[in-house]
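Survey of secondary and tertiary structure
One letter stands for each residue in the lines below.
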Amino acid sequence: MTVRQWKRVITGFVVLLIITLGATAAYAEVRYQRLATEFEGEAVEESADSEQNLSIDYQKKYDNLYVQNDFEYKEAQDSICYLTFDDGPSTENTEKILDILKKYNIKATFFVIYKDTEKEKAMYKRIVEEGHTIGVHTASHDYEKIYSSVDAYLKDFNKIASHIEEITGEKPEIFRFPGGSVNSYNGAVYMQIVSEMMRRGYTYYDWNVGSGDASYGTASKNWIVGNVVNGVAKEGSNIILMHDTNAKDTTVQALPEIIERLSAQGYRFDKLTKEVKPVTFSYLS
Ligand SMILES: [Zn+2]
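Analysis parameters
- Residues numbered from 1 in each chain as written.
- Predicted model: local features only at pLDDT ≥ 70, side-chain atom pairs only at ≥ 80, totals over all residues.
- Buried ≥ 20, exposed ≤ 12 C-beta atoms within 10 Å, placed from the backbone.
- Helix = DSSP H or I, 4+ residues; strand = E, 2+ residues; numbered from the N terminus.
- Right-handed = clockwise from strand over helix to strand, strands pointing away.
- Pairing = 2+ DSSP bridges.
- Arc of directions from axis to C-beta.
- Contact = placed C-beta atoms within 7 Å.
- Axes fitted to C-alpha atoms, helices over the stretch in contact; angles between N-to-C directions.
- Parallel < 35°, antiparallel > 145°, perpendicular 65-115°, else oblique.
- Nonpolar A, V, L, I, M, F, W, Y, C, P; charged D, E, K, R; others polar.

**Regarding the pairing of strand E2 (residues 109–112)**
Neither face of E2 is open: one carries Thr-109 and Phe-111, the other Phe-110 and Val-112, and all of them are buried. Taken together, strand E1 (residues 80–86), helix H2 (residues 94–103) and E2 form a β-α-β motif whose crossover is right-handed. Bridge count for E2 against strand E3 (residues 133–136) is four bridges, and the pairing is parallel. The residue of E3 that forms the bridge with Phe-110 is Ile-134. For the segment spanning E2, helix H3 (residues 118–129) and E3, crossover handedness is right-handed.

In structure tokens:
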């Protein structure tokens, strides 16, 4: 081959090489674009998925279940007793309890459940009108139902909270878990319920003095008085658990003696408000 022919061959080879490289680059570009699109597609799908997992439906429900929580807890006060009555109102005993509290000019706290006879509705009203605190204890007090899920708890809470507000005009801001915040029914949902209720501004209270009036059978008056009087401590606040149902006659009978004996020892009585630092149970204690 002549030099000229060699030049043509080489030129041809170079041109072919450039075309091949160009085509490969173009293919690679297209391939890359496709991959990038696929990847983005996946990423978009994935984030849609995780968003779905994070968005908890119950947080979007019950628009009325919010209260202000821009307060600071008051320092726990020494020698103070907070009498708390769970499970009311009752047709027989709420009235008697309120009469005793009135006689001694003492304010207390009632964690109530859902009742709708005229007498019981009048009791919700009287509790509020006489300056006591009304708190939520759940509508049904049915452990298996309310602790089956956070949503079930909220649905039940909403029922009693709206009932109280409708009857008394007052929106409850504090609550007490049936069985206390830590019990054998709510281990699976307890943390989620607590965080959801705190997000909504509510405060809950357990207790540090048990009156023993919920024990099986009827607790004697003296047994109840003894549990409370021996259970309180001078330092810090005492949150005393008692019950307000038709069966708890001995609680009513014990009340005047509890008030008199503790007053004589220098204790004061007051109602719980959301500014009172809560006493709460813990799995670790
Ligand atoms: Zn209860």
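So that's the structure; there's more coming.
**A short note on H2**
Taken residue by residue, H2 has Thr-94, Ile-97, Leu-98 and Leu-101 as its buried positions. Along the axis of H2, the buried positions cluster into a sector of 95°, meaning they face one direction only. Of the surrounding secondary structure, the elements contacted by the buried residues of H2 are E1, H3 and helix H8 (249–264). Directly after H2, the chain includes Asn-105, whose backbone phi takes a positive value near 55°.

**Quick notes on the environment of Ala-233**
With respect to the secondary-structure elements, Ala-233 resides in the loop between helix H7 (221–231) and strand E7 (237–243). The class of Ala-233 is exposed, set by 11 C-beta atoms lying within 10 Å. Measuring from C-alpha to C-alpha, the distance between Ala-233 and Asp-78 comes to 8.5 Å, with 155 residues separating the pair along the chain.

**Looking at the packing of H2 against H8**
Their axes nearest at 10 Å, the elements H2 and H8 cross at an angle of 5°. Our classification of the angle between H2 and H8 gives roughly parallel. In this structure, H2 contributes Lys-96, Ile-97 and Ile-100 to the contact, and H8 contributes Val-252, Leu-255 and Pro-256. When grouped by side-chain class, the residues that make up the contact of H2 with H8 number five nonpolar, no polar and one charged.

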